[in-house]
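A structural walkthrough
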Amino acid sequence: MQISNRSRRLLVSIHDVSPAFEDRVDRLSERLTDLLGGARFTMLVVPDFWRKAPLARSPGFQRKLRRWSQDGVEMLLHGWSHRDESTGHKGLARLKANYMTAREGEFLALSREEATQRLREGRAALEDALGRPVTGFVAPAWLYGDGAREALADEGFEVAEDHLRVWRPSDGRILARGPVIGWASRSRFRLASSLAFAALARHALKRLPTLRIALHPGDQGSPALLESIDRTVRTSLAGRRCGRYGDLAAALDGASAGR
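Residues numbered from 1 in each chain as written. Predicted model: local features only at pLDDT ≥ 70, side-chain atom pairs only at ≥ 80, totals over all residues. Heavy atoms only, no water.

On inspection of all chains with the given rule, the structure shows 13 salt bridges. Where Asp26 meets Lys64, a salt bridge forms, and the shortest distance between an N and an O atom there is 2.6 Å. Here Asp26, found in helix H1 (residues 22–36), pairs with Lys64, found in helix H2 (residues 59–71); they are 38 residues apart in sequence, far enough to count as distant. For the residue pair Asp26 and Lys64, the accessibility class agrees, reading buried in each case. Here Glu155 and Arg120 are joined by a salt bridge, their closest N and O atoms 3.1 Å apart. In this pair, Glu155 sits in the loop between helix H5 (146–154) and strand E5 (159–161) while Arg120 sits in helix H4 (residues 112–130), placing the two residues 35 residues apart along the sequence. Overall, Glu155 belongs to the buried group, its relative accessible area being 15%. (Salt bridge = Lys/Arg side-chain N within 4 Å of Asp/Glu carboxyl O. Helix = DSSP H or I, 4+ residues; strand = E, 2+ residues; numbered from the N terminus. Buried < 20%, exposed > 50% of the residue type's maximum accessible area, 1.4 Å probe, protein only.)

Following this line, the structure appears as structure tokens:
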């Protein structure tokens, strides 16, 4: 069955939105607004990045978040501090913590109680800054432990995502599948491999109903990476409409109501 252009979505997000990276977030926001023809993207906001940049003490950045939100940018909660403070990772979690991120898998080893507290405090901080509800959550580095998944299911978030899927935490229903296209610049190897993956993904993933692209503040530091981002976004727009993560949950609810 052929998928209509209306149902083919492109979800573009800026991760690690924080006063700690204000200038870089500003530039990424301007870049995406130009590429997408408007504020049709998502920001993943960290309430207190590495416990050094609290939103509560940044009224100017709060005003920016409110303005972006009023312009149409979707706002999701992105952890509390984005920092993995656990020291006892074991097995698969240890591999993920050591090789998939640089001490930033905050929700990988949290207990259900710890995750619940951070979800509630983070949501309150972001909603206070925005003056409106926040309905989605993405764990830092897209890494979730059992405690985080259990807490998410309890807290009423409508949408969550990891590297390979978007889902509804309350019942686990899958809203979209397929890998996120993202970039890394911490080392030459990571930069080269992410550029190669983006080039491959521009063609290999084009049949996916929902395509996801994720940007990070550190992407600003590489002209080659920025060129890859521009090319990937422009290519991915063909035959798609820019959407919001919340659209996926709404579409699922609409489909269920129509049965």
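Where H1 meets helix H7 (residues 223–237), the axes come as close as 10 Å, and the angle between the chain directions of the two elements is 30 degrees. You can see that H1 and H7 cross each other, and the crossing is right-handed. Together, Arg31, Leu35 and Leu36 of H1 and Leu226, Asp230, Val233, Arg234 and Leu237 of H7 make up the contact between the two elements. Each residue belonging to the contact of H1 with H7 can be placed in one class, and the counts come to five nonpolar, no polar and three charged. (Axes fitted to C-alpha atoms, helices over the stretch in contact; angles between N-to-C directions. Left-handed = near helix turned anticlockwise from the far one by under 90°. Contact = heavy atoms within 4.5 Å. Nonpolar A, V, L, I, M, F, W, Y, C, P; charged D, E, K, R; others polar.)

According to the stated counting rule, one finds six aromatic pairs in the structure shown. Ring plane angle 50 degrees and centroid distance 6.0 Å describe the contact between Phe137 and Phe157, whose orientation is recorded as tilted. Here Phe157 lies in the loop between H5 and E5 and Phe137 lies in strand E4 (residues 136–138), a separation of 20 residues in the sequence. Judged by relative accessible area, which is 2%, Phe157 ranks as buried. Taken together through their ring pairs, the aromatic side chains of Phe107, Phe137, Tyr144, Phe157 and Trp167 make up a single cluster. The residue whose ring lies beneath Arg123 is Phe157, and the NZ or CZ to ring-centre distance is 3.9 Å. Between the NZ or CZ atom of Arg165 and the centre of the ring of Trp167, over which it lies, the distance is 4.0 Å. (Phe/Tyr/Trp six-rings, centres within 6.5 Å; stacked < 30°, edge-to-face > 60°. Lys NZ or Arg CZ within 6 Å of the ring centre and 35° of its normal.)

Now for the environment of Arg27. Residue position: Arg27 is located in helix H1. Residue classification places Arg27 among the partly exposed residues on the basis of a relative accessible area of 42%. Along the chain, Arg27 and Gln220 lie 193 residues apart, while their C-alpha atoms are 8.0 Å from each other.

Among the nonpolar cores identified, the biggest contains 70 residues, and Phe41, Met43, Leu65, Phe137 and Tyr144 are the most heavily contacted of them. The residues contacting Phe137, other than those within four sequence positions of it, are Leu77, His78, Gly79, Phe107, Leu119, Tyr144, Leu152, Phe157, Val159, Ala160 and Glu161. (Core = buried A, V, L, I, M, F, W, Y, C linked by side-chain atoms within 4.5 Å.)

The next point concerns the environment of Leu35. Locating Leu35 in the fold gives a position in helix H1. Residues Leu35 and Ile229 lie 194 residues apart in sequence; the distance between their C-alpha atoms is 9.9 Å. When neighbours within four sequence positions are excluded, Leu35 is seen to be in contact with Asp230, Val233, Arg234 and Leu237.

Looking at the protein chain, the pLDDT average stands at 91 and 89% of residues meet or exceed 70. Counting contacts from residues 91–98, a segment whose pLDDT is below 50, to residues more than four positions away or on other chains yields nine contacts. (pLDDT = per-residue confidence, 0-100.)

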